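Now for the letters of each chain:
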Amino acid sequence: MKLRKKTYVIGGIVLLATLFTGFGIFGAYGPPKFFHGDFSKHVLKKMDSRVAKLDLSETQTKKYDEIREEVAASLAKGKEERKKFFTRLQSEVNKENPDMEALTSIVKHQLKNMPGFMSGNLDHFAEFYNILDEEQKTQAIKGIRKKINRFGTVLCRN
């Protein structure tokens, strides 16, 4: 395979994977902000700062800690799966003659797993929401509305 064609193939696959990963993260957490270090730690820190504003009871705090651990485990598993994905992708791309069917199969497999990952984290959010009292739910909804409206504004720009 000529170097130019190989470059286009690699570029296209990386672009596709980046776009789908970006859309997933953007959809789940809103517009990304600059952060340093591990993304999992960033997400958990954001969760903790927002939950701290809700002034949870002791019982709610225990349940939140359980949910937080599940989310942390989910994020760690996702990180490992992404590492495996990019290792497999890189291995196939670096072959003398990369198999386009194998490359697309690797990317499709990764994309097929994304909805389950996102759905699981949404289930954790619903579980957390259900432990809140009415005042805390009102505060949470207010924050969600703010995010949704900002997200909608970003998407609807002309």
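An account of the accompanying structure is given in this report.

Reading guide: rules and limits
Residues numbered from 1 in each chain as written. Predicted model: local features only at pLDDT ≥ 70, side-chain atom pairs only at ≥ 80, totals over all residues. Heavy atoms only, no water. Salt bridge = Lys/Arg side-chain N within 4 Å of Asp/Glu carboxyl O. Buried < 20%, exposed > 50% of the residue type's maximum accessible area, 1.4 Å probe, protein only. Phe/Tyr/Trp six-rings, centres within 6.5 Å; stacked < 30°, edge-to-face > 60°. Helix = DSSP H or I, 4+ residues; strand = E, 2+ residues; numbered from the N terminus. Axes fitted to C-alpha atoms, helices over the stretch in contact; angles between N-to-C directions. Parallel < 35°, antiparallel > 145°, perpendicular 65-115°, else oblique. Left-handed = near helix turned anticlockwise from the far one by under 90°. Contact = heavy atoms within 4.5 Å. Core = buried A, V, L, I, M, F, W, Y, C linked by side-chain atoms within 4.5 Å.

Examining the pattern of salt bridges
Within this structure, the stated rule accounts for seven salt bridges. For Lys95, the salt bridge goes to Glu92, with nearest N and O atoms at 2.9 Å. Classification of Glu92 as buried rests on a relative accessible area of 9%. Because the salt bridges share partners, they merge into one network encompassing Lys63, Glu66 and Glu127.

Looking at the packing of aromatic side chains
Enumeration over the complete set of coordinates arrives at three aromatic pairs. With centroids separated by 5.6 Å and ring planes inclined at 65 degrees, the aromatic side chains of Tyr64 and Phe128 adopt a geometry described as edge-to-face. Residue Tyr64 is found in helix α3 (residues 58-93), and its partner Phe128 is found in helix α4 (residues 100-129); the two are separated by 64 residues along the sequence. Each of the two residues, Tyr64 as well as Phe128, counts as buried.

Things to note about the packing of helix α2 (residues 39-52) against α3
Close contact between α2 and α3 brings their axes to 10 Å; oriented N to C, the two are set at 160 degrees. Regarding the angle of α2 to α3, the classification is roughly antiparallel. Of the two elements, α2 crosses α3, and the hand of that crossing is right-handed. Across from Ser40, Val43, Leu44, Met47, Asp48 and Val51 in α2, the residues of α3 making contact are Tyr64, Arg68, Val71, Ala72, Leu75 and Ala76.

Quick word on the environment of Ile13
Along the polypeptide, Ile13 turns up in helix α1 (residues 3-29). A relative accessible area of 8% means that Ile13 is categorised as buried. Each C-alpha atom of the pair Ile13 and Val93 lies 9.4 Å from the other, and the pair is 80 residues apart in sequence. With residues up to four places along the chain from it excluded, the contact list for Ile13 reads Leu89, Met100, Leu103 and Val107.

Describing the nonpolar core
Among the nonpolar cores identified, the biggest contains 13 residues, and Leu56, Phe128 and Leu132 are the most heavily contacted of them. Listing elements by their share of this core, those giving two or more residues are α2 and α3. It is α3 that contributes the most residues to this core, five residues altogether. Once residues lying within four places of it in the same chain are set aside, the contact partners of Phe128 are Val51, Leu54, Leu56, Tyr64 and Ile67.

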